[in-house]
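What the coordinates show
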Amino acid sequence: MNNENMLEIKNLETSFFTHLGEVKAVRNISYSLKKGGILGIVGESGSGKSVTLLSVMRLIEDPGKIKNGEIIFDGVDLTKISKTEIQDIRGSDISMIFQDPMTSINPVFTIQNQMVEVIRRHMLISKATAIMEAQEMSNISKKEKALKNIEDGYLRKLNRKEALERAIYYLGLVGIPEPEVRIKQYPHQFSGGMRQRVLIAMALSCEPKLLIADEPTTALDVTIQAQILDLLKKIQKELGTSIIFITHDLGVIAEVCENVIVMYGGMVMEKGTVNEIFYSPQHPYTKGLHQSIPKNISGHKKRLVPIEGSPPDLMNPPKGCPFSPRCKHAMQICIEEAAPLAKVSETQYSACWLQHQDSPDVEGFTKSGGVK
Amino acid sequence: MEDRKVLLEVKNLKKHFIIKKDILGKAKKTVHAVDGINFKIYQGETFGLVGESGCGKSTTGRTIIGLYKNTSGEVFFDGELLSTGYEENKLRIGKLKRKLKRELKKLPEDASKNEIEEIKEKYNELLNVQKSELKEKKQTSKSLGRNQRDIQMIFQDPYASLNPRMTVSEIIAEGIRTHNLLQGPEVSERVFVLLERVGLKREHASRYPHEFSGGQRQRIGIARALAVDPKLIIADEPISALDVSIQAQVVNMLEDLQEEFGLTYLFIAHDLSMVKYISDRIGVMYLGKLMEVSESDPLYELPLHPYTQSLLSSIPLPDPDANLRSERIVLQGDVSSPINPKPGCRFAERCRFAKGECFTESPELDEILPGRFVACHHVKEINKL
């Protein structure tokens, strides 16, 4: 296990067992995230990008099931630990921001109520404050007992006042004006962008090591989106939080992420740094995505090249590469067997048979020696 | 440019929604969804309408096609008056009557008959003007043709806009039957042609909407709009519910159809890069008003209105290097509410350059450079023109 990695997913498979049959939402996925890095996951609806991260949070409910694989977070395999253990991690070490800010906050409680609850559930006072508190005690026997407890690692939870202070601090940090006043309000009194800020403040309030943002700006307007993206970048820089960013918008990926994973049909198609994915994509699907969005904001118009066909049905996914039915370069082997992730460069991997030495030469694709 | 034929002209269009009335039925809260906009769409072009959610772009489209009745203002299609709003006249009459009552009450008890008569006459004159205007507008409104075949609409949500109990052929043929365009077997023949034109198959005609994917449903919606040979198609966010790889398919098809049938589009969307791609001219809306109208290339190269500038600078580009280079103007705050808006420029509260008259007077949409209309008091200073 590499100590540099915050999160490592190995051969993850998640399926939903519906009455119509098994839906293989995530099929054998592996990737890792460095400490303090921002990883972007792109993919269309149904590509399995959200299910992967819900698996990390262990939020897959019946009829869904993690069939196989390891999820190693900070040295702990999340698939093996008990329900209570994951509840301690969820919300404190790993936090998640969802797409729709209205449905992920409880409308009948004030922001204060909800934030204080989360903070008091997860946060302990710092050792320094605990010692200071103990020093101030007048009763000597009590003081000694308190200090001994601190030595043993017993710290009390934050009290309401401390939790409230903390909540207000984080609301201010995410740019909510007058946090002392706003914290007493109900979610409906906030606008969409403000609600998303509240959600981010809530997610940050327990100082998570990993923040998972599942399409956090999709429901927002562009001008508000720009504010939220700036905020997330600032948080990553200042607090050193690792962030996984799920989106379908290539523009957002280019803006915030360092590394990118492209998913399709429940599998990883390509991964690499943001520059590699945008300037030298090696998978036909990534290329297709680039060609199907208008690139030049200014300058003359180039006709879009759409990817023909439609995304695969995960109930009966194609036997080989999930993209093969829509791929221009599909060969016999693509239909029969999915290609493994082949190394293109130190950081870039592509799951395509065109990377193979025996494959025909196609313009724009470089072959690597990775697949034999 | 001026010699091109104007297909649709919108003059001072307003659409207000009353959301709260007091006990007397007087409007207390009014949403000024569309508040006096003017624009022209030339034959054969694509006019893009962009703006953030709640700016009134969809309401504009729906008012033009007649799904909403306009509060005031006129819509001309192909030189003919399509709709005229008289709600505002009604409101004005009510206001005048109340004012008259109030003034009569204020008079001292021993006021002479003459004084009372004088006030009454003053108000009657004003009232008569409004009443005759109302009568006239009602009359013209009645005489206007109900034939709205020439304008068709494509909706945003391909799941909600198709009736789940009708087969695809029934959905597409409904317009043909309503307008009695074709009879008997010709109808189904036409449906087949349309289906094939939008990239579906003949055998799809007898299926129901739930059997199709989002992209295919949007194709059905487009076939339905094409069925009655329209001249103008209002596309209200036709691609925002679709996946990226499918969006390009639909956009390309819309372009091909435009060329083939000589269609004119009013393309409403919030995806700015796609609007730029498809539109010849673009109107930028903010809180019910048009901020800037221009040809699309100059608009994106040199936006003149401060709102357009910040809007365009906040698009994340699918190009990591370009994002590092370009400087971003991040707007502070949120869009203010369109309920009983304050006087002055709608954008003033969030504008970096706002001062003085911006808060008191609403700017007009003026032609600042040839073909470029901007509604801003200080546009010349801001852009150093």
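Report on the accompanying structure. What you see is a predicted model, and the numbers here were worked out from it, not measured in a lab.

This part covers the interface of chain A and chain B. Of the residues lining the interface, 42 residues belong to chain A; the matching set on chain B comes to 39 residues. Across the chain A to chain B interface the summed buried area is about 3,500 Å²; carbon plus sulfur atoms make up 56%. Counting across the interface, chain A meets chain B through two salt bridges. Of the charged contacts in the structure, one is a salt bridge between B:Glu255 and A:Arg303, with a shortest N-O distance of 3.6 Å. At the surface where chain A touches chain B, the tally comes to twelve residue pairs in polar contact (both at pLDDT 80 or more). Going through the elements one at a time, α9 (222–239), α10 (250–256) and α11 (274–279) of chain A are the ones with two or more residues in the side of chain A that touches chain B.

Residues and elements named next belong to chain B. Residues of strand β6 (residues 151–154) alternate between two faces, with Ile-151 and Met-153 on one and Gln-152 and Ile-154 on the opposite face, all of them buried. Sheet analysis places β6 next to strand β7 (residues 232–236), joined by four bridges and oriented parallel. The residue bridging Ile-151 from the neighbouring strand is Leu-232, located in β7.

Using the criterion set out here, one finds four cavities of 30 Å³ or more in the structure. By volume, the largest cavity is sized at about 90 Å³. Along the walls of the largest cavity sit 14 residues, with A:Pro284, A:Cys321, A:Cys327, A:Cys334 and A:Cys352 positioned nearest its centre. Considering only residue class, the lining of the largest cavity consists of eleven nonpolar, three polar and no charged. Put simply, the second largest cavity is a space of about 60 Å³. Residue lining of the second largest cavity: B:His305, B:Pro306, B:Cys345, B:Phe347, B:Ala348, B:Cys351, B:Ala354, B:Cys358, B:Pro363, B:Ala375, B:Cys376 and B:His377, and that is the complete set. Of the residues assigned to the lining of the second largest cavity, the class counts are ten nonpolar, two polar and no charged.

So, about the sheet that holds strand β3 (residues 38–42) of chain A. Residue and element names in this part refer to chain A. Ordered by their spatial adjacency, eight strands build an open sheet running β6-β7-β8-β3-β9-β10-β12-β11, and the pairing between neighbours is mixed. Looking along the sheet, the strands with just one partner apiece sit at the ends: β6 (94–97) and β11 (342–343). Strand direction decides the pairing type here: β6 and strand β7 (residues 210–214), joined by four bridges, are parallel. Within β7, the position partnered with Ile-94 by the bridge is Leu-210.

On to the nonpolar core. Within the largest apolar cluster, 66 residues are counted, with the highest numbers of intra-cluster contacts made by A:Ile200 and A:Phe245. For this core, the leading source of residues is helix α8 (residues 192–204) of chain A, giving eight residues. Those residues within four positions of A:Ile200 in sequence are excluded, and the remaining contacts are A:Ile97, A:Val174, A:Ile228, A:Leu231, A:Leu232 and A:Ile235. One finds B:Ile171, B:Val191, B:Met253 and B:Ile282 within the second-largest nonpolar core, a separate group that totals 62 residues.

Residue and element names in this part refer to chain A. The peptide bond linking Asp-62 to Pro-63 adopts the cis configuration, its omega dihedral lying at 5°. In this structure, Pro-63 sits in the loop between α1 (49–56) and β4 (64–73). The backbone of Glu-178 sits at a positive phi, close to 50°, despite the residue not being glycine.

This part covers the pattern of salt bridges. Here the structure, examined in full by the defined rule, presents 33 salt bridges over all chains. The partner of A:Arg156 in a salt bridge is A:Glu133, with the nearest N and O atoms 2.5 Å apart. With A:Arg156 in the loop between α5 (140–151) and α6 (160–173) and A:Glu133 in helix α4 (residues 127–135), this pair connects stretches of sequence that are 23 residues apart. Residue B:Glu45 pairs with B:Arg4 through a salt bridge whose shortest N-O separation is 4.0 Å. Remark: B:Arg4 occurs in the segment before β1 (6–21) and B:Glu45 occurs in the loop between β2 (27–42) and β3 (46–50); sequence separation between them is 41 residues. B:Arg4 gets classed as partly exposed once you look at its relative accessible area, which sits at 33%. One network of salt bridges, with partners in common, ties together B:Lys5, B:Asp78, B:Asp150 and B:Lys231.

Quick look at the packing of aromatic side chains now. Residue and element names in this part refer to chain A. For the structure on display, the rule yields nine aromatic pairs over all chains. Taking 4.5 Å as the distance between ring centres and 50° as the angle between the ring planes, the aromatic pair formed by Tyr-264 and Tyr-285 counts as tilted. With Tyr-264 in strand β9 (residues 259–264) and Tyr-285 in helix α12 (residues 284–291), this pair connects stretches of sequence that are 21 residues apart. In this pair, the class of Tyr-264 matches that of Tyr-285, namely buried.

Here is what the cut-offs are and how they apply
- Residues numbered from 1 in each chain as written.
- Chains lettered and ligands numbered in written order.
- Predicted model: local features only at pLDDT ≥ 70, side-chain atom pairs only at ≥ 80, totals over all residues.
- Heavy atoms only, no water.
- Contact = heavy atoms within 4.5 Å.
- Buried area = accessible area lost by both parts, 1.4 Å probe.
- Salt bridge = Lys/Arg side-chain N within 4 Å of Asp/Glu carboxyl O.
- Polar contact = N/O pair within 3.5 Å; in protein donor to acceptor, adjacent residues only side chain to side chain.
- Helix = DSSP H or I, 4+ residues; strand = E, 2+ residues; numbered from the N terminus.
- Buried < 20%, exposed > 50% of the residue type's maximum accessible area, 1.4 Å probe, protein only.
- Pairing = 2+ DSSP bridges.
- 1 Å grid on protein atoms, 1.4 Å probe; cavity = no way out; pocket = protein on both sides within 12 Å on 5 of 7 lines; lining within 4 Å.
- Points joined across faces, edges and corners; volume = space filled by probe spheres on them.
- Nonpolar A, V, L, I, M, F, W, Y, C, P; charged D, E, K, R; others polar.
- Core = buried A, V, L, I, M, F, W, Y, C linked by side-chain atoms within 4.5 Å.
- Phe/Tyr/Trp six-rings, centres within 6.5 Å; stacked < 30°, edge-to-face > 60°.

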